[in-house]
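Spelled out, the chains give:
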Amino acid sequence: MKIAVIGQSLFGQEVYCQLRKEGHEVVGVFTIPDKDGKPDPLGLAAEKDGVPVFKFSRWRAQGQALPEVVAKYQALGAELNVLPFCSQFIPMEVINAPRHGSIIYHPSLLPRHRGASAINWTLIHGDKKGGFSIFWADDGLDTGDLLLQKECEVLPDDTVSTLYNRFLFPEGIKGMVQAVRLIAEGTAPRLRQPEEGATYEGIQKKETARINWDQPAEAIHNWIRGNDKVPGAWTEACGQKLTFFNSTLNTSGLVAQGEALPIPGAHRPGMVTKAGLILFGNDDRMLLVKNIQLEDGKMMPASQFFKGSASSALELTEAELATAEAVRSSWMRILPNIPEVEDSTDFFKSGAASVDVVRLVEEVKELCDGLELENEDVYMATTFGDFIQLLVRKLRGEDEDSECVINYVERTVNKLTLQMPYQLFIGGEFVDAEGSKTYNTINPTDGSVICQVSLAQVSDVDKAVAAAKEAFENGLWGKINARDRGRLLYKLADLMEQHQEELATIEALDAGAVYTLALKTHVGMSIQTFRYFAGWCDKIQGATIPINQARPNRNLTLTKKEPFGVCGIVIPWNYPLMMLSWKTAACLAAGNTVVIKPAQVTPLTALKFAELTLKAGIPKGVVNIIPGTGSPVGQRLSDHPDVRKIGFTGSTEVGKHIMKSCALSNVKKVSLELGGKSPLIIFADCDLNKAVQMGMSSVFFNKGENCIAAGRLFVEDSIHDQFVQKVVEEVKKMKIGNPLDRDTNHGPQNHEAHLKKLMEYCQRGVKEGATLVCGGSQVPRPGFFFQPTVFTDVEDHMYIAKEESFGPIMIISRFADGDMDAVLSRANATEFGLASGVFTRDINKALYVSDKLQAGTVFVNTYNKTDVAAPFGGFKQSGFGKDLGEEALNEYLRVKTVTFEY
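Residues numbered from 1 in each chain as written. Predicted model: local features only at pLDDT ≥ 70, side-chain atom pairs only at ≥ 80, totals over all residues. Heavy atoms only, no water.

**Looking at the side chain of Ser102**
Tracing the backbone through its elements, the reader meets Ser102 in strand β7 (residues 102-106). A distance of 2.8 Å separates a polar side-chain atom of Ser102 from the backbone oxygen of Ile95. Aside from chain neighbours lying at most four places away, what touches Ser102 is Asn81, Leu83, Val94, Ile95, Phe135, Trp136 and Ala137. (Helix = DSSP H or I, 4+ residues; strand = E, 2+ residues; numbered from the N terminus. Polar contact = N/O pair within 3.5 Å; in protein donor to acceptor, adjacent residues only side chain to side chain. Contact = heavy atoms within 4.5 Å.)

**What about the packing of helix α1 (residues 9-21) against helix α2 (residues 41-48)?**
Two numbers describe how α1 lies on α2: the axes approach to 7 Å, and their chain directions differ by 30 degrees. On α2, the residues that touch Ser9, Leu10, Gly12, Gln13 and Tyr16 of α1 are Pro41, Leu42, Ala45 and Ala46. Here the contact of α1 with α2 is built from residues that sort into 6 nonpolar, 3 polar and no charged. (Axes fitted to C-alpha atoms, helices over the stretch in contact; angles between N-to-C directions. Nonpolar A, V, L, I, M, F, W, Y, C, P; charged D, E, K, R; others polar.)

**Considerations on the packing of aromatic side chains**
Enumeration over the complete set of coordinates arrives at 25 aromatic pairs. Aromatic side chains Trp573 and Phe806 sit 5.4 Å apart centroid to centroid with 85 degrees between the ring planes, which places their arrangement in the edge-to-face category. Here the residue Trp573 occupies a position in the loop between β25 (566-570) and α16 (576-589), and Phe806 occupies one in the loop between α23 (799-802) and β34 (809-815), the gap between them amounting to 233 residues. Of the two residues, Trp573 and Phe806, neither departs from the other in class, the shared state being buried. Aromatic rings pair up to connect Phe11, Tyr105, Phe132, Tyr164, Phe167 and Phe169 into one cluster. Taking NZ or CZ as reference, Lys241 lies 4.3 Å from the ring centre of Trp234, over its face. Over the ring of Tyr799 we find Arg764; its NZ or CZ atom is 4.0 Å from the centre of that ring. (Phe/Tyr/Trp six-rings, centres within 6.5 Å; stacked < 30°, edge-to-face > 60°. Buried < 20%, exposed > 50% of the residue type's maximum accessible area, 1.4 Å probe, protein only. Lys NZ or Arg CZ within 6 Å of the ring centre and 35° of its normal.)

**Examining the sheet that holds strand β8 (residues 129-136)**
The sheet built from 7 strands is open, its strands ordered β3-β2-β1-β6-β7-β8-β9 with mixed pairing. At either margin of the open sheet sits one strand with a lone partner, and together these are β3 (53-54) and β9 (146-153). Note that β8 and β9 share 7 bridges and pair antiparallel. Paired with Phe135 across the bridge in β9 is Leu146. Relative to the sheet, α1 contacts β1 (2-6), β2 (25-30), β6 (80-83) and β7, its axis offset from that of β2 by approximately 165 degrees. Each of β1, β6, β7, β8 and β9 is contacted by helix α6 (residues 160-185), which is oriented at about 155 degrees to β9, the strand it contacts most. (Pairing = 2+ DSSP bridges.)

**Some thoughts on unusual backbone geometry**
Cis geometry marks the peptide bond from Leu110 to Pro111; its omega dihedral reads 15 degrees. Looking at where Pro111 falls in the secondary structure, it is placed in the loop between β7 and α5 (118-124). Backbone torsion omega between Ser631 and Pro632 reads 20 degrees, so that peptide bond is classified as cis. Its location among the elements puts Pro632 in helix α18 (residues 630-639). Non-glycine residue Asn246 carries a positive phi angle of around 60 degrees. Positive phi, close to 65 degrees, is recorded for Asn864, a residue that is not glycine. Among the secondary structure elements, Asn864 is positioned in the loop between β37 (857-860) and β38 (875-876). Classification of Asn864 as buried rests on a relative accessible area of 16%.

Geometry only, nothing functional implied.
Here you go:
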């Protein structure tokens, strides 16, 4: 068809482009005159294509069509007028001229919200459904017959921008193209608009957008969001006109504590808090406003209202000055009517519109290596000088919005001055626990108190989950693309590497980890884990699936992998940072947000990690860390209805309880890495020296506090005595001492209660008749040191043969020469199945044994060889689900199937 497009804006441009792609001939484009020297996007696109463009300032004068305008239009011979978005009054001589008439897009479900500002009124009235109508133009105001309508859900915190960008813009373009297609096919309906339910509201202007405080919180929220961004809902307070933006009713976990803001006519004074400005309706319910515009046009976070703009200007480096000049050039391109962009140049007062905000954000992204600004950032810093300050702060990872006051405990240790956060980390801030509850965290090397740490309460869990939910549903984390998410995780890994000596020292101080091991494993593997999963972020893919066609139509079925939302992670005390990293890296790479409960006895590296997430630019609320007891903190995480996934490493007993809680609460997904009693079978044909070396490592690595530690060694009879002799010789060479000493092999056990359990474990072994070859006692020195211990003559019925010690205790049993199936039966006679191992030079034997061992990991002629790319997890009562590798990523993703018919 020959089509005349009458309208303006990016929406009009996209409709124009799509109609041309459909094969229609656009014979002319009618748009508005250039504004401040800038052409409208619709006219600009048409001019590039060589399509005639007309920019009439008006079509009528004194109610009559202008003959010269109508003549130019009629000369084109259009068969259909398409009005995607038009702010001008078009005379009926033009509307009725084409053979097929004229169709108009309107952003509401007519007959509701006829007239201007339809999107605003959809939100102001609190409509649960929104959408658009395409109708046949007549001489009424949005009263013509309906051709097509599409509806969508209006979300509780939608604004004009979010509703438009999510549905009205993309689906509206498709709807206009579909409507033209129906007209071309001769199947376009004409459905009379009902008058029942019809409403008409006028255009929203600044003078009419004043807030009426004598109404419920939900109505006030709807008024604010319905006027966000234009014209802006306002009130008078503090002697000036304040305009409110970014309102939400999601106030879960918020406490109305802060500085009062008296508002004339309001039911109660507002409250400026760290989260923003809390307002109250006449029903005493709260709503939260996150941004305020002052009367002079300055936009600021509501939380900063009483602080003003006190932060000092940054001094830019040479590289940053070069970036500033590149951005200045970008402003010049966007604002062609401005001869020179100075620090005081205001983006919007210089003629920029909303489309220019999008352009500026994209140009900055290209100039600054993918830096993701939000449109909101441009509105918050409208002058060039303020914009550059905001931009540089973001590039440095210290923008105002992410500034955080961190209280540290400082200790000079290991030739370093450690700065250790000790408060809960919730919503991007370090905060005290409810009631300022604290507890002591202990240095296991000497039993001294390192510092007091905030002790989370149930209410703190609720606050952390609310922060994570808000970050997932409404924050930047859910908006950035996957590659940028990966970039943030790479940056976090880089920061962990820069702080690796500090992190390893804290692990030694708080967990008793030998420093050299902590540097290589506790911290080193944590860094590798984040780098590995950062690389996965943009490789999370679904599939297309051939299904039976619904003849004569056809079908397309595809799957999408999506994050769960809020995940809870509960980590153990043996590898505090590494266990956090194994789960959290996969969780974040998948796009989730997380609430982490570190072990109560080892919270300090987790809290230091929280600080590094801020420096990396991870958005607020994505990571939350709440040290506390298993009950009530871990219990509340398991029970919480807004948590959709739990990842747990710990004992089988607690794992069963968590699994039950997850089932009873909301059937949340759970992955469990639980207890182990890993068998290590050593055959006579092995490399004995290597078997001794690896056998030692399998038991004594990390003081035996190792989930995959070999809980029982089966040694073939003909080499048993020689093996034991060599092991004892090696044990005697081990240096027990301060974990920060570089020549220490064996540090203190993690905490005193665990030390006592090891002593009881050894006493029971002796009582049942096992032979204690060496060790078995506490080392006579301050701290929680336990001797490396070796038991032989351990029979299958004994307690120490069946139960895990989780300490430096080697349990050795004999098996008859050549009796491979019998030893396999004994090795598998356990309810645990986390890991296992075999030493032999016979490849056939190794393959056979690895097939028969009932464990999630089998080591052959090695032990403890884990890698970030290799999945890790157990069988039987050692749990289910995997850490590490691609399989770990799938633990934090859910699969959605989508089927189309066409």
